[in-house]
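# Summary of structural features
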Amino acid sequence: MREAQQPAHCSDVNGDRKLGDIWEANFCQLLSPGTLVVRHQKDRHGSAVYGEVQPDGRIVWRPSPDVTAWHGRGITTHHEIKHKNAHRGVMFGLEEYRLESLVEFQIKSGQPVYYTIHDHDCSDGRLGVTNDIKHWLTQTIESLSKEWEDKFRCLTWRNGKRVQEMTVFWHRSRFDYLEDVLDNIERAARRTDF
């Protein structure tokens, strides 16, 4: 049987958006029953956005995380979802402008934002379909924004165009397993002592 050909990185914006949509949905399926979610890119043709009302009543739109989850007992998390593999097998990157916008969102919302990654090297590559929680990693934007291991320009999509953007990188050891993080969040959501 012939193996499916892997598309070149950043070669098809619509294909990449469709793949991103699938993995946002797959992330939501890993959450506990009863969790409320909003997928901010669902049925959109562009990036997820939030609006900030200005003193004059205008609304300024800015990039937002992809998914918001309400876990119960007032615990809300926001997630920037990526379906990718590690650069050189050990480093995960994010465009610097996206990191800055996620930090800004976290500060303004007062709620935790996570960079949540499905490592497709663990499940048959970019076009693999296995959704195993053990293949997912995550870390808070707050933690990641304090320090990174490397920074250089990379090919990416921005406003539907293929461009070079400054990208920051973290060693995969900086990330926690999503399963452990969700277990901790769910335990906190079930607490009755506060």
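Not measured: the values here are computed from a predicted model.

### Observations regarding the overall build of the protein
Looking only at helices and strands, one finds four helices and 11 strands in the protein. Counting only C-alpha atoms and orienting by the principal axes, one finds that the protein spans roughly 55 × 40 × 35 Å. Look at the contacts in the protein between residues 6 or more apart in sequence, and 66% of them connect residues 24 or more apart. Computing the positive centroid from 27 side-chain charges and the negative centroid from 29, the protein places the two 4 Å apart.

### Some details on a nonpolar patch on the surface
Judged by side-chain polarity, Val49, Val53, Ile59 and Trp61 come together as a nonpolar surface patch covering roughly 400 Å² of accessible area. Tracing the backbone through its elements, the reader meets valine 53 in strand β2 (residues 49–53). For valine 53, a relative accessible area of 59% gives the class exposed.

### Observations regarding the side chain of glutamine 106
Relative to the helices and strands, glutamine 106 is located in helix α2 (residues 96–109). What makes glutamine 106 buried here is its relative accessible area of 15%. If sequence neighbours within four positions are ignored, glutamine 106 has contacts with Gln111, Pro112, Val113, Ile141 and Glu142.

### Some words on the pairing of strand β5 (residues 75–84)
Most of β5 sits out of view: seven of its 10 residues are buried. As paired elements, strand β4 (residues 67–72) and β5 share five bridges and run antiparallel to each other. Considered in β5, the bridge of tryptophan 70 is made with threonine 76. Hairpin geometry of β4 and β5 is characterised by an intervening segment of two residues between the two adjacent antiparallel strands and by a positive phi of about 55° at arginine 73. One ladder, built from seven bridges, connects β5 with strand β7 (residues 113–119); its direction is parallel. Its bridge partner lying in β7, glutamate 80 is registered against tyrosine 115.

### A closer look at the packing of aromatic side chains
Within this structure, the stated rule accounts for eight aromatic pairs. An aromatic cluster is defined as three or more aromatic residues linked by ring pairs; in this entry it consists of Phe92, Tyr115, Trp170 and Phe175.

Reading the values: the criteria
- Residues numbered from 1 in each chain as written.
- Predicted model: local features only at pLDDT ≥ 70, side-chain atom pairs only at ≥ 80, totals over all residues.
- Heavy atoms only, no water.
- Helix = DSSP H or I, 4+ residues; strand = E, 2+ residues; numbered from the N terminus.
- Contact = heavy atoms within 4.5 Å.
- Lys, Arg positive; Asp, Glu negative; His and termini not counted.
- Charge placed at Lys NZ, Arg CZ, Asp CG, Glu CD.
- Patch = residues over 30% accessible without salt bridge, like charges linked within 9 Å, V, L, I, M, F, W, Y side chains within 5 Å.
- Areas by Shrake-Rupley, 256 points an atom, 1.4 Å probe, with all protein chains shown as cover.
- Salt bridge = Lys/Arg side-chain N within 4 Å of Asp/Glu carboxyl O.
- Buried < 20%, exposed > 50% of the residue type's maximum accessible area, 1.4 Å probe, protein only.
- Pairing = 2+ DSSP bridges.
- Phe/Tyr/Trp six-rings, centres within 6.5 Å; stacked < 30°, edge-to-face > 60°.

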